[in-house]
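Chain by chain, the residues run as shown.
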Amino acid sequence: MEKVHTTCVYCGCGCGLFMHIEGGRIVGVSPSPAHPMSRGRLCIKGWLAGDFVGHPERLTHPLLRRGDRAVKSTWDEALGLAAKKLKSIQRRFGPQSLGVLTSAKGTNEENYLLMKLARAGLGTNNVDHVARLCHAPTVAGLGSALGSGAMTGSISSLECSDAILVVGSNTTEQHPLVASYILRARSRGAKLIVADPRKTRLAELADLWLSPRSGTDVVWINSLLNVIVEQDLIDRQFIEERTAGFEETALSLREQTPDKAEEISGIARTDLARAAAIFGKAERAAIVYAMGVTQHAQGTDIVQALANLALATGNMGREGTGIYPLRGHQNVQGACDMGALPTVFSGYQPLSSPAVRAKFETAWGTALSAEPGLTALEMLWAAETGSLKGLIVVGENPALSYPDSFRVLKALKELELLLVCDIFPNETTALADVVLPAACFAEKEGTFTSTERRVQLIRKAVNPPGEARAEWEWICDLMRRMGLQADYPSPASIMAEMALLTPSYSGIAYERLGLAGLQWPCPSKDHPGTGILHVDCFSQGRARLRPVYYAQPPEIPDSDYPFILNTGRSLYHFHTGTMTRRTSLLDREIPAPFVDINPEDARILGLREGMRVIVETRRGRIAAEAHLVDRLPRGNLFLPIHFTEAPANALTCQSIDPVSKIAELKVSAARLERVMP
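On a predicted model such as this, the values are computed, not experimentally measured, just so you know.

(A) Examining helix α2 (residues 75–93) more closely. Here α2 spans 27 Å end to end across 19 residues, near enough to the 27 Å set by a 1.5 Å rise per residue. Of all the positions in α2, only W75, A78, L79, A82, A83, L86, S88 and I89 are classed as buried. In the stretch just after α2, G94 is the one whose phi turns positive, near 95°.

(B) Representation of the sheet that holds strand β3 (residues 25–31). Strand order in the open sheet formed by 3 strands is β1-β2-β3, with antiparallel pairing between adjacent strands. Of all the strands in the sheet, the pair left with one neighbour each is β1 (2–7) and β3. The average undirected angle you get between the axes of adjacent strands in this sheet is 30°. Relative to strand β2 (residues 16–22), β1 runs antiparallel, the two being bridged by 6 bridges.

(C) Quick peek at empty space enclosed by the protein. Overall, the coordinates contain 4 cavities of 30 Å³ or more when judged by the stated rule. In this structure, the largest cavity spans a volume of roughly 550 Å³. Looking at the largest cavity, it is lined by 36 residues, and the ones nearest its centre are M291, G292, Q295, T567 and K666. Residue assignment for the lining of the largest cavity shows that the elements contributing at least two residues are α13 (291–294) and β21 (563–568). It is β21 that contributes the most residues to the lining of the largest cavity, 3 residues altogether. Tallied by class, the residues present in the lining of the largest cavity amount to 12 nonpolar, 18 polar and 6 charged. Its boundaries defined by the atoms lining it, the second largest cavity holds a volume of some 270 Å³. Every residue lining the second largest cavity is counted, 25 residues in all, and those nearest its centre are K105, G395, D422, I423 and M579. Looking at the lining of the second largest cavity residue by residue, the class counts come to 10 nonpolar, 10 polar and 5 charged.

(D) Spotlight on the environment of I564. Position of I564 relative to the elements: it lies in strand β21. When the C-alpha positions of I564 and S169 are compared, they lie 18 Å apart, and in sequence the two are 395 residues distant.

(E) Representation of the side chain of E396. Note that E396 resides in the loop between β14 (390–394) and α18 (398–401). In this structure, E396 is in contact with T102, S103, A104, K105, V130, S401, D422, N426, T428 and H575, ignoring residues within four places of it in sequence.

(F) Here's a closer look at the nonpolar core. Of all hydrophobic cores here, the largest spans 110 residues; its most connected members are F52, I392, F441 and W474. No other element matches helix α3 (residues 108–122), which puts 8 residues into this core. Of all hydrophobic cores here, the second largest spans 51 residues; its members include L224, V227, A285 and L311.

(G) Main features of the pattern of salt bridges. The final tally for this structure, using the stated rule, is 36 salt bridges. Between D477 and R481 there is a salt bridge; the shortest N-O distance is 2.9 Å. Here the residue D477 and the residue R481 both occupy positions in helix α20 (residues 471–481), the gap between them amounting to 4 residues, near one helical turn. Three or more residues are tied together by salt bridges with common partners; here these are E555, D558, R618 and R619.

(H) Expanded view of the packing of helix α8 (residues 217–230) against helix α11 (residues 258–265). The contact between α8 and α11 brings their axes to 9 Å, and the two run at 160°. Classified by the angle their axes make, α8 and α11 are roughly antiparallel. Both α8 and α11 take part in a crossing whose hand is left-handed. Across from V219, W220, S223, N226 and V227 in α8, the residues of α11 making contact are P258, A261, I264 and S265. Of the residues that constitute the contact of α8 with α11, the class distribution is 6 nonpolar, 3 polar and no charged.

(I) The arrangement of the state of the cysteines in detail. This structure, assessed with the given rule, holds 0 disulfides. Free cysteine: C522, not disulfide-bonded; nearest cysteine sulfur from C537 at 17 Å. Exposure remark for C537: the relative accessible area of 52% places this residue in the exposed category.

(J) Structural context of the packing of aromatic side chains. The full count for this structure, using the stated rule, is 8 aromatic pairs. On the basis of an interplanar angle of 65° and a centroid distance of 5.3 Å, the ring pair of Y10 and F574 is categorised as edge-to-face. Of this pair, Y10 sits in the loop between β1 and β2 while F574 sits in the loop between β21 and α23 (584–589), and the two are 564 residues apart along the sequence. Residue Y10 shares its accessibility class with F574, and that shared class is buried.

(K) Representation of the sheet that holds strand β18 (residues 454–458) within the structure. Spatially, 3 strands are ordered β17-β18-β19 in an open sheet, and the strand pairing comes out antiparallel. In the strand order of this sheet, the two ends are held by β17 (446–449) and β19 (518–519), each with one partner. As judged from the 2 bridges shared by β18 and β19, these two strands associate in the antiparallel manner. In the strand pairing of β19, R454 is matched with Q519. In the packing of α3 onto the sheet, contacts are made with β17 and β18, and the angle to β17 comes to roughly 95°.

(L) A look at the pairing of strand β16 (residues 434–437). Of the two faces of β16, the one holding V434 and L436 and the one holding V435 and P437 are both buried throughout. Summarising the sheet, strand β15 (residues 417–422) and β16 pair through 4 bridges and their orientation is parallel. Its bridge partner lying in β16, V420 is registered against V435.

Rules used in this analysis
- Residues numbered from 1 in each chain as written.
- Predicted model: local features only at pLDDT ≥ 70, side-chain atom pairs only at ≥ 80, totals over all residues.
- Heavy atoms only, no water.
- Helix = DSSP H or I, 4+ residues; strand = E, 2+ residues; numbered from the N terminus.
- Expected span 1.5 Å × (residues − 1).
- Buried < 20%, exposed > 50% of the residue type's maximum accessible area, 1.4 Å probe, protein only.
- Pairing = 2+ DSSP bridges.
- Axes fitted to C-alpha atoms, helices over the stretch in contact; angles between N-to-C directions.
- 1 Å grid on protein atoms, 1.4 Å probe; cavity = no way out; pocket = protein on both sides within 12 Å on 5 of 7 lines; lining within 4 Å.
- Points joined across faces, edges and corners; volume = space filled by probe spheres on them.
- Nonpolar A, V, L, I, M, F, W, Y, C, P; charged D, E, K, R; others polar.
- Contact = heavy atoms within 4.5 Å.
- Core = buried A, V, L, I, M, F, W, Y, C linked by side-chain atoms within 4.5 Å.
- Salt bridge = Lys/Arg side-chain N within 4 Å of Asp/Glu carboxyl O.
- Parallel < 35°, antiparallel > 145°, perpendicular 65-115°, else oblique.
- Left-handed = near helix turned anticlockwise from the far one by under 90°.
- Disulfide = S-S within 2.5 Å.
- Phe/Tyr/Trp six-rings, centres within 6.5 Å; stacked < 30°, edge-to-face > 60°.

Nothing here speaks to function; it is all geometry.
Encoded structure:
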């Protein structure tokens, strides 16, 4: 068999693997022993990463909507119609009536081109992607605190930690290879603290499990730092030499005592004291978090609170220290890096800077707007009110994955033009005026950037089905139809332009990436890449501590809706299930939607394992199968997001973080009702 080395398509770990090819088909997958992060291991989804590629439901030809039907078309007709409608909308309503949603499943090169198409071709900064629904608070919070909204170390450096605080991350299920490093550190004597309302598998192995009430993270993290300050476990030299804002932050902590934290969060003050001693006394302490931290209306403040904790204890810039946000998609880090955000160009260079705009205007040969664009959700609400008329969606399924799904569906139907590119038909392609068939990760060339900032090649293993094309190819075609120069012979040539314009990627070129890739910042062609950030200094000079204050979640349980509904992923499925539900071995494990319920709550309601129930919030109701699980606290429900027949995001609260504009997805008031036979 032929073996082709590539990068896994699923979570942000960025594991290396081989595709095994026989007769032009992928017949298996094996891990890459030489890969510096995964080291010859894969999770269950990684082992099966090639199974969906040849699925018969793949989109194979462009489609155009004719009334209620989607009919087969040619690429020339589809792109010609798209360009004509985009120009018409731009002329009649202005550039701000158009928007682009790029893909965390697309390559860096494709995200860069979509960003360029939006800004230089359509004249709008309305460009965003799924990071707005997962790690926008990381970009905003760590960007403000540290000068960079990215993981500060390499995943492998967790092995060197003496204490690890894991917050809001079911790591063994969602980032298994990261969990392996945490457990390796644990086996060599590191102390492990897990903070999560659910008793996850990692929590079962922890030295200390903290189970806060959902939505109370700011108060218990502040209280933890309060104890560390009171016991003088801070790093005064680091604070004085490398940070600003500590005195003001420390002053704000005086009222945020363990007693107050116990009252609000439910965490015993004795447990907070234990956690403070473990973290504060450790020589090398690290913080790992995921969407249990970020998907809150106070997500940016929670990230800042964690940054305050790391900075006050001097846990930055060394092996085994730092902050480790775990990205959910394989290239959500890269999409952010490429400027698929409404306020920055690639490399987080601000639109507001005249010098930055001038650089891109010179390179692209056109004037660029300085007006900040709309975020992903703001674009949809603008479509709902009629001010956004045209939307390009690439590799995303907002009709299922975005909060308040029923409202999203209504908004998408209001558009004059909805162009969607994907590998499978889904709830969003069903509404599109133009549907374009995409090549998947195994059918094209390009790069992904993992959660540890590792830029890696994906390599073509098989041909795409039918007339499906790599996104970069049709984006170039559309750019030319919109009057832009787009003469890129290959993804490598796109990377060359990106490197010229993006300081953190300046030294990255395809011929340098090999099997291991390079971690940015990589500022020159002879630079080896950067495993640990902030070793000697912060890019903004001093890191910034900032006081943050607890605010009650926008929606809390009451007599009508007595439960707290939390949403997330399961071990065997990924995001909206587009790929995993077409992987037979994964779909066999969890073939239908379920809701986790505490057994005591179930007993009171007269529910048994496997019964059909209705989960209802103020936004809507869905049916699912009851799963009784001890690891879930009383009064809580957990609903996975993967199932179109039970769209969890149809139920979630609609409050928005005022800084990062992420929606509250972890705390919604809900009730249960048994489905009567």
